[in-house]
Amino acid sequence: MFHISDIKKFKKCPRLYYLSIDSVSEFQPYLRNDEELTTLIIKYLGIDNYYLGVRGDDNQRVLSEIDNFEWFVKARFEYNDLRVKIPFLHKTENGFDLYFTLYALYPHDDDADYYRYNIWVLEKLGIRINNISIIHLNANYVLGDSLDVNELFITSKNFYNTKNHPSSDIREKIYEKKVDLDEIITEMKINSLDDYQPIRKRACKAKNLCSYYENCFGKDEELPDDSIQYLVSSQFKQQMYQEGIRHLKDANTARLEGTRCQYAQIMASRNGGLYYDYYPLKTWMESLHKPIAFIDFEWERYIVPPFKGLKPYDVVCFEYSLHILDEEGNLKHNTYIGTRDCRREFIESLINDIPSNASIIAYNAIGAEMIRIRELAEQFPEYASLLNQILENFIDMSFPFIGGLVYDTRMRGNYSVKSLLNVVSDYSYHDLAIHDGMDAVYEWRKIDRGEDVDQLYIENSLIEYCSMDSYALYLIYCWLLDIINNNNVIT
């Protein structure tokens, strides 16, 4: 038996499909949802009597009930061993209206094949499809005193473009391309992993390394810190590598995009591992004044808003860590952690802990902490003035790195705080009980939901992890300060 996810994997890479057949991974949802969305949509559509599909349903069971119900919810259908689960089918006089569900804010046509494959199975079984709609979340809905499903959801007959404006008709877009999955299903059935030799593609290493990369190609050779493979934003680094160019210092300048980061990388390789543009970096460092507050937030993102004033996909900040370097050079640490709707308490603690005249340092502040503070100011206007004062004092520590002012080859093309921490100190996140931000969220959910866990241990682990984030910023600051105080000016 196959599912649409199998078809998509096979089309992307047959070896990926066969290697993943027996793999078992524990799925942790990135987004949190404490509501049963199917139940909410049933209420939204005003359905009373309906056929409800369940896991393991025999294909014939739903077909035998096709004349007995007007609505079919989560019904399983199967053709040629391809099994699909249809969210909502509504029987009409001359066929069925089909409602897909999308737990996102706007349906886009980049996954139109998914809808085509579902319809292909239905039509192969003789089920005629009339209207096709997608039920999705309303981006403008704000939760009041209680959840209003009529405002929470939108039923769209159009896909949306990149600016989130209605564009192509869903049915027309789906049917503009015909699909026939019989051939690919037959190929998946009769072939095996041995029928497909590994082919190295960009997708093998795109964003994240494929889980089966070593199975296909073995372990890569140990690369030096200044390997050309770490050249950022480069479409030609693989070609240069294959031509025998191994180090950043030897990069073919005619095939560079010419970014400041690339220049910094190449100069670091030529200068023994470290490059810094002294005067701009010194000017940036001098813009910081003590007290300096190094800060990091942790937050949860909800699909359906659980608290008043939130929209779909809004977040709730549940923790921060704050290291404060005062005028005398002393380092003080404050932290906060809360559960449930702790937004107001979070705000009040933050305002109380941050010195009013401090330079506030966060990494990727513009894309993270500053957005969170603006959201809180909008949700709690009574604190807006004080929160806006905090915003005015924010400085993004990622600037000297992504701006090409400083680069150490030990970063290996990685500009994350964790990568920088490995450069500036011996501290490691691997020594902690919680290793990354999503692990922090997963652990926090346990205490927020009141699960039978060691709450004190989890809270201490969360504080330890978040504290490492803010302390890492302090260590990076000290490292940059040491570079500026070095008499050897490199430009």
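Our subject is the structure listed above.
Residues numbered from 1 in each chain as written. Predicted model: local features only at pLDDT ≥ 70, side-chain atom pairs only at ≥ 80, totals over all residues. Heavy atoms only, no water.

K.L.:
Requested: an account of the packing of aromatic side chains, with residues and values cited.
P.N.:
Overall, the coordinates contain 35 aromatic pairs when judged by the stated rule. With 5.6 Å between their ring centres and 40° between their planes, Tyr51 and Phe72 make a pair best called tilted. Of this pair, Tyr51 sits in strand S1 (residues 50-52) while Phe72 sits in strand S2 (residues 71-79), placing them 21 residues apart in sequence. We note that Tyr51, like Phe72, is buried. Members of the aromatic cluster, each reached through a chain of ring pairs, are Phe2, Phe10, Tyr17, Tyr18 and Tyr196. In this structure, Arg200 packs its charged tip against the face of Phe217, placed 4.3 Å from the ring centre. (Phe/Tyr/Trp six-rings, centres within 6.5 Å; stacked < 30°, edge-to-face > 60°. Helix = DSSP H or I, 4+ residues; strand = E, 2+ residues; numbered from the N terminus. Buried < 20%, exposed > 50% of the residue type's maximum accessible area, 1.4 Å probe, protein only. Lys NZ or Arg CZ within 6 Å of the ring centre and 35° of its normal.)

K.L.:
Could you give an account of the sheet that holds strand S14 (residues 394-396), naming the residues involved and the relevant values?
P.N.:
Within the open sheet, the five strands sit side by side as S12-S11-S10-S13-S14. Their pairing is mixed. Of all strands in the sheet, those bounded by a partner on one side alone are strand S12 (331-337) and S14. This sheet shows a mean twist of 30° between the axes of neighbouring strands, independent of strand direction. Taken together, the three bridges between strand S13 (residues 359-362) and S14 define a ladder with parallel strand orientation. Residue pairing for S14: Ile360 is matched across the bridge by Phe394. Docked against the sheet, helix H13 (residues 343-353) engages strand S10 (292-301), strand S11 (315-325) and S12, running at close to 15° with respect to S11. (Pairing = 2+ DSSP bridges. Axes fitted to C-alpha atoms, helices over the stretch in contact; angles between N-to-C directions. Contact = heavy atoms within 4.5 Å.)

By themselves, these figures tell us nothing about what the structure is for.
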